[in-house]
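Coordinate analysis (summary)
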Amino acid sequence: MALVVAGGLAAGMARAQSGSQTQFPWMDTSLSPDQRAGLVLKEMTLDEKIRMMHGQGSPFGGPVSPNAWMSNGGDGFSLGVPRLGIPNLQMIGSAYGVRFSAANGRYSTALPANLAQTATWDPGAACAYGALIGREERAQGYNMSLAGGVDLARELRNGRNFEYHGEDPILAGVMVGNRVRCEQEQHILSELKHYAVNDQESGRGIVNSVIDRRALRETDLLAFEIGNQIGRPWAIMCAYNGVNGDYACENKYILDEVLKKEWGFQGFVLSDWGGTHSTVKASAAGLDMEQPDERFYGAAMKKAVLDGKVPMAELDDHVRRILRAEFGSGIIDNPTRKFVVNVDEGFAVARRLAGESMVLLRNEHRLLPLDAGTVKSIAVIGEHADVGMISGGGSAQVDPEGSYAPAWENPAHVWFPTSPLKAIAARAPRARVKFQYGADLPAAAALARNSQVAIVFAHQWTSEAMDLPSLSLPGDQDKLIETVAAANPNTIVVLETGTAVTMPWVNRVSGIVEAWYAGSRGAEAVADVLFGDVNPSARLPITFPVSEADMPHPTMTVPSPEILKEEKAGKKGPLFDVDYSEGLKVGYKWYDAEKKPVLFPFGFGLSYTTYSYSGLSVTRGNGATDALTATFRVKNTGSRAGTEIAEVYASLPAAAGEPPSRLVGWSRVTLKPGETRQVTVAIPAMYLSVFDVAAEKWKLLPGGYILRAGRSSRDLPLQSGLTLP
Ligand code: GLC
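Residues numbered from 1 in each chain as written. Predicted model: local features only at pLDDT ≥ 70, side-chain atom pairs only at ≥ 80, totals over all residues. Heavy atoms only, no water.

The subject of this paragraph is the nonpolar core. Ranked by internal contacts, the top residues of the largest apolar core, which has 81 residues, are I86, Y195, F268 and L270. Looking at which element gives the most residues to this core, the answer is helix α13 (residues 312-329), with 6 residues. With sequence-adjacent residues up to four places away left out, L270 is seen in contact with M91, M144, L146, E191, A235, I236, M237, C238, L287, M289 and Q291. Ranked by size, the runner-up nonpolar core spans 48 residues in total, among them A126, L171, V618 and F691. (Core = buried A, V, L, I, M, F, W, Y, C linked by side-chain atoms within 4.5 Å. Buried < 20%, exposed > 50% of the residue type's maximum accessible area, 1.4 Å probe, protein only. Helix = DSSP H or I, 4+ residues; strand = E, 2+ residues; numbered from the N terminus. Contact = heavy atoms within 4.5 Å.)

Written out as structure tokens, the structure reads:
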């Protein structure tokens, strides 16, 4: 049977691939994706419809379908309808680069992690990011991307913060939206994930995220709402966790009422891998596709339809959405044809974006940038800093080109073969550059003492399916940094982290650069920043707290042994609650409302030059989309050119009951020394609104609004007020 099916499918596929689809009426590109979907739907059998609504098995184990041979080697695939010219959906994890290249003998560029890309605050950089990954996905034969992670960094210890877009919903939505928009321009069907409130990894399959509806709409869902508006993704992946009682993938409020009805989402909802928990309930709630296999949406779905429990109209809507997405994204009109990418272009983009994402956190007595012409001796200290830089793990993991640093302590810790030691030595050929691993503290101290400058590379590995036990650097790295700093005041720390870290040594070192997971050419980008070839412009997309005790949840809520036993026994979840009682106060909004000092605030980042702000005026916007316009001047008061990210925050009328301040806009402006530029930031009404739960809609309240402009959420020298009617 399998062979017959395969034969039939193969023949159909051959025809589909050969482009002989033109005879089908739905191949008329003058028709809308919806019209084209409707024409195909009419021709499909029940079996073909259902086959389109689930995956064909997972490469990670589990039941293997007789069609597995048709997989392109990605995270999963679902069948099209070859006889009607509808291709298979070949899906691939691609958060910061195309996954599985090693297993498939292909090449993928690893870009800086998504949190790093967010630190650029540069929609243009986000577009370049998505475009490059989209091209490489197509080159490898994929037509659907499993990226676009935009769960908010409510929990700084979340192991997946590196593949998300920070703590602010507007910044996160704008950045992920531009990535998805430009990825889809490469004729890739892309998505946002994990919808929604998948804000910790501990017990992710049985946790129930509890959050009041107003906070849900104004925080986690707002990031998706903006990402959806800008990116127009053709897919949304629903999350493993529950949201206020119902699993996300069978949650009528978020899938149907909000996403499909309120936001008018025209694409399809697919489950996370194993995130489907029912047939009838999930179908009625708005889940359109089960991945990676067919526990609920295969034979069970057919039975539910034949028993009349799933109306045919409902089934047709699921299939129509999948077809609409395939026509709308262009993957039917542009069948994938593998090609070899320009590898050097990938490395150049990776290096440029990494340099633009690194945040200069501290630079005492202007130690940085280093002068390659005069610096005599440099100590490079830190685990693997002679051979590589760390990368984020889990389903986002990109395989490094060539070999990678021995990760004997944990094979999951993948170090990219981009060597800080080599990059620094190459950039300062006249200096004596020596390396110490760092395990031998006296040797590290001795080298630091005998060097003009000591650079410590510290790392914090994070990954899917885990959360951090704390925000401290793992192992004895704090002690190493303190030891080196004690031996040489000209100590610089380069952080390779996936989220915030605490820094007991913060006042004992002269320089700190947050390099994040910097990708295939991270070391070269670090050298670009350290030696001033790149003037840092990045800003923190997450708050760095002084200590975990200051966070909304000083200790994480994780499943108890009893709950894990219930899970093993197969009890239907969700099985335990995480109560996000801080509600609206995510990230900086929490520390502002609680009047807590922070180590480094949201939006913070130094430059090798300085800027001054003046002349803020606030006027009514055009009323339609822009409620307000903020205009002010920024001057480069230093001696080097630089790019400033001028940030605008708003305080809403007291009656709104909002946290003290929220980011409502920003502008990147490149200035020569002494140059002044007038900056205008248009602020959409939605960014100033509150969500009225009773009316189930956004409201721009009357009253006094205060706008502030400046360099970070805690450095806002300009202030101006305006009353809205
Ligand atoms: C994983 C992740 C999801 C990924 C999918 C396929 O469990 O949660 O982000 O896209 O499964 O690998």
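Take unusual backbone geometry next. Residue H194 is bonded to the preceding K193 through a cis peptide linkage, with omega at -15 degrees. In this structure, P292 follows Q291 across a cis peptide bond, with omega equal to 0 degrees. Residue placement: P292 occurs in the loop between α11 (280-285) and α12 (299-306). A positive phi angle is found at V197, which is not glycine, with a value near 55 degrees. Residues other than glycine seldom take positive phi values, yet E696 does so here, at roughly 55 degrees.

Across all of its chains, the model carries 53 salt bridges by this definition. Between D316 and K49 there is a salt bridge, and its shortest N-O distance comes to 2.8 Å. You can see D316 sitting in helix α13 and its partner K49 sitting in helix α3 (residues 46-52), a full 267 residues away along the chain. Judged on exposure class, the residue D316 and its partner K49 are both buried. The closest approach of N and O atoms between R154 and E582, which form a salt bridge, is 2.9 Å. Linking R154 in the loop between β3 (144-146) and α7 (169-184) with E582 in the loop between β19 (576-579) and α20 (588-593), this pair joins segments that are 428 residues apart in sequence. (Salt bridge = Lys/Arg side-chain N within 4 Å of Asp/Glu carboxyl O.)

This part covers the packing of helix α15 (residues 420-427) against helix α18 (residues 522-530). As a packed pair, α15 and α18 sit with axes 8 Å apart at the nearest point and diverge in direction by 40 degrees. Accordingly, the angle class assigned to the pair α15 and α18 is oblique. Remark: the crossing between α15 and α18 carries right-handed chirality. Contacts between α15 and α18 pair P420, A423, I424 and R427 from the former with A523, E524, A527 and L530 from the latter. Residues that form the contact of α15 with α18 fall into these classes: 6 nonpolar, no polar and 2 charged. (Axes fitted to C-alpha atoms, helices over the stretch in contact; angles between N-to-C directions. Parallel < 35°, antiparallel > 145°, perpendicular 65-115°, else oblique. Left-handed = near helix turned anticlockwise from the far one by under 90°. Nonpolar A, V, L, I, M, F, W, Y, C, P; charged D, E, K, R; others polar.)

The 3 strands are arranged β4-β6-β9 in an open sheet whose pairing can be described as parallel. Both edges of this open sheet fall to β4 (191-195) and β9 (268-271), since each of them pairs with a single strand only. With direction set aside, neighbouring strand axes in the sheet form an average angle of 25 degrees. Looking at chain direction, β4 and strand β6 (residues 235-238) are connected through 3 bridges and run parallel. Residue pairing for β6: Y195 is matched across the bridge by C238. (Pairing = 2+ DSSP bridges.)

A separate point is α15. By the burial criterion, the buried members of α15 are P420, L421, A423 and I424. Tucked into the core, α15 has its buried residues touching β11 (377-381), β12 (389-390), β14 (432-436), β15 (453-460) and α18.

Note on placement: S463 falls in the loop between β15 and α17 (477-487). Among the polar contacts listed, one links the side chain of S463 to the backbone oxygen of G393, at a separation of 3.4 Å. (Polar contact = N/O pair within 3.5 Å; in protein donor to acceptor, adjacent residues only side chain to side chain.)

Here the focus is the packing of helix α16 (residues 441-449) against α17. Axis separation between α16 and α17 bottoms out at 8 Å; the angle between their running directions is 35 degrees. Handedness of the crossing formed by α16 with α17: right-handed. From α16, L441, A444, A445, A448 and R449 reach across to α17, where they touch K479, L480, T483, V484 and A487.

Here we take up the domain arrangement of the protein chain. Here the domain parsing of the protein chain yields domain 1 (2-329), domain 2 (354-545) and domain 3 (609-724). Using C-alpha coordinates to define each centre, domain 1 is positioned 35 Å away from domain 3. Taking both sides of the interface into account, the surface hidden between domain 1 and domain 3 amounts to around 1600 Å²; carbon and sulfur atoms contribute 61%. Among the residues of domain 1 in contact with domain 3, W121, I170 and R214 are the three that bury the most area, contributing 42% of the side total. Remark: the boundary between domain 1 and domain 3 carries 5 salt bridges. Run the count over domain 1 and domain 3 and you get 8 residue pairs in polar contact (both at pLDDT 80 or more). For the side of domain 1 that touches domain 3, the per-class residue count stands at 8 nonpolar, 2 polar and 8 charged. (Domains from an automatic or database assignment. Buried area = accessible area lost by both parts, 1.4 Å probe.)

This next bit is on the state of the cysteines. Following the criterion strictly, the structure yields 2 disulfides and no others. Here C127 engages in a disulfide with C182; their sulfurs sit 1.9 Å apart. Judged by the sign of its S-S torsion, about -95 degrees, the bond between C127 and C182 is left-handed. With C127 in helix α6 (residues 123-139) and C182 in helix α7, this pair connects stretches of sequence that are 55 residues apart. Linked covalently through their sulfurs, C238 and C249 form a disulfide whose S-S length is 2.1 Å. Negative torsions about the S-S bond denote left-handed disulfides, and the value of about 110 degrees found for C238 with C249 makes this one right-handed. Note that C238 is positioned in strand β6 and C249 in the loop between β8 (246-247) and α10 (252-262), a separation of 11 residues in sequence. (Disulfide = S-S within 2.5 Å.)

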